[in-house]
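# Understanding the architecture of this molecule
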Amino acid sequence: MTRVAAVDCGTNSIRLLVADADPATGELTDLDRRMTIVRLGQDVDRTGRLAPEALERTFAACREYAEVVKAHGAERLRFVATSASRDAENRDDFVRGVLDILGVEPEVISGDQEAEFSFTGATKELTGRADLDKPYLVVDIGGGSTEFVVGDDHVRAARSVDVGCVRMTERHLVRDGAVTDPPTAEQVAAMRADIEAALDLAGRTVPLGEARTLVGLAGSVTTVSAIAQELPEYDSAAIHHSRVSRDRVREITDWLLASTHAERAAVPSMHPGRVDVIAAGSLVLLAIMERTGAEEVVVSEHDILDGIAWSIA
C-alpha cells in the first residue's frame, strides 16, 4: 500500500483525494475525498488573467487541503492544474501560491495529459464488466474544457477542446454582468453552435462514433444523474455507475435551460456553485450523446483525480 494525495484544480472546482493505493489489486481505498467550488476560471475567457479574488478562494482551499494531507500522513502529493491556469497570463502567481502552501509545484498539464488521467481514473475499475462493451468513450466535461478519450484497456485517441460549463456560460449566457435567467433562444442557439463546432474539432482526432460505451465524468454529468434520480441530496454512491438515458438527459437539459436561478437552486442535490453553470454543462452532455448516438451515459465519480493518484502510486 502507498498512501497518496492528489489535487485536481480545474476551472470551476478544486478537489482532493487522499487514498491508499494497492497496485497489485488495482484498488484505491479512499481516506478523504472532497471538493470546493472556487471558480478559478472566473473571467479568464474575457480577460486572459486569473482574478485576484479567484486566486484567494483557491489558496484558501489549498490551506484547508494542506491540513488534511498532513493529518493523513500521505507519502506523495501531486497537484495538477487544468484549463484555467493553462490559459492565464498571470499563472506564475498561481504557481507560487500553491508552492508556498502545499510544498509542491502545480503541474499545468496539457489537454492530452488531462485526457490520459481521466481515462485511467474512469475505466480502471470497469475492466471485466461483461455489461459494458469496449471501446469506451470517456468525456470529462469541465469548467473550461472537455476531454474526449477513446480506448479499450489503453488510450487510442484523445482530444481536449475549449468547451466547458463555465466558459460557455460566461461566453453566451451572461448579460450586464449577470447570467440571463432564463437564457433566450438566441443565446442557447449560439451556445449550441459553439459546442457543435467543438465536437467537429474533437472528431478530427477521436473516432467518436466507434465507441460502444459512453462514460461521463465531472460535476455537470454527476449533477444530471442526481436530478434524473430525484435524489433528496447529493449521494456519490447512488450516482457512481448510474446510467442516464439520452431522452432523460434531453428532458433535464430542456428544463434547466428554461428554469430560473431560484428553481435550479431549489434542487436538493444541486451544489450552490453549479446553479448558474449546470444548464451549459448539461447541454454539452446532450450534444455529445446526440452526436455519438449514445443511448445512455454511464456516470462515474472516479475520474482525473483517481488517475492522478494512480500516476504516483
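Right, let's walk through the structure included here. (Residues numbered from 1 in each chain as written. Predicted model: local features only at pLDDT ≥ 70, side-chain atom pairs only at ≥ 80, totals over all residues. Heavy atoms only, no water.)

## Section: the sheet that holds strand 11 (residues 213-217)
Quick note on the threshold: Two strands are counted as paired when DSSP detects at least two bridges linking them. Under the DSSP-based scheme used, a helix requires at least four consecutive residues in state H or I and a strand at least two consecutive residues in state E, with every element numbered from the N terminus. Axis definition: a line fitted to C-alpha atoms, limited for helices to the stretch in contact. Angles are taken between N-to-C directions and run from 0 to 180 degrees. Two residues qualify as a contact provided that any one of their heavy atoms is within 4.5 Å of a heavy atom in the partner residue.
Taken in spatial order, the 6 strands of this open sheet run 8-7-6-11-13-12, and their pairing is mixed. At either end of the open sheet lies a strand with only one pairing partner, and these are strand 8 (155-161) and strand 12 (243-245). Mean inter-strand twist for the sheet, computed between neighbouring axes without regard to direction, equals 25 degrees. Helix-sheet contacts for helix 7 (residues 185-205) involve strand 7 (146-151) and strand 8, and the interaxial angle to strand 8 is about 155 degrees. Contacts from helix 8 (residues 219-228) reach strand 6 (136-141), strand 11, strand 12 and strand 13 (296-300), with the element oriented near 110 degrees to strand 13.

## What about the pairing of strand 13?
Quick note on the threshold: The buried label applies to any residue whose accessible area, calculated with a 1.4 Å probe on protein chains only, is under 20% of its type's maximum; exposed applies above 50%, and partly exposed to all values in between.
In terms of burial, strand 13 is largely enclosed, as 4 of its 5 residues are buried. By the bridge criterion, 3 bridges tie strand 11 to strand 13 in an arrangement that is parallel. From the neighbouring strand, Gly 216 faces strand 13, where its bridge partner is Val 299. With 3 bridges joining them, strand 12 and strand 13 adopt antiparallel strand pairing. Among the inter-strand pairings, Ser 245 is bridged to a residue of strand 13, identified as Glu 296.

## Quick notes on the side chain of Asn 12
Spelled out, the test is: Pairing of N or O atoms within 3.5 Å defines a polar contact, subject to two protein rules: one partner must be a possible hydrogen donor and the other a possible acceptor, and residues neighboring in sequence count only if both atoms are side-chain atoms.
By the secondary structure assignment, Asn 12 is in the loop between strand 1 (2-9) and strand 2 (13-22). Residue class for Asn 12 comes out buried when judged on its relative accessible area of 4%. Among the polar contacts made by the side chain of Asn 12, one reaches the side chain of Arg 39 at a distance of 2.5 Å. When sequence neighbours within four positions are dropped, the list of residues in contact with Asn 12 reads Thr 36, Ile 37, Val 38, Arg 39, Gly 143, Val 166, Gly 273, Arg 274 and Val 277.

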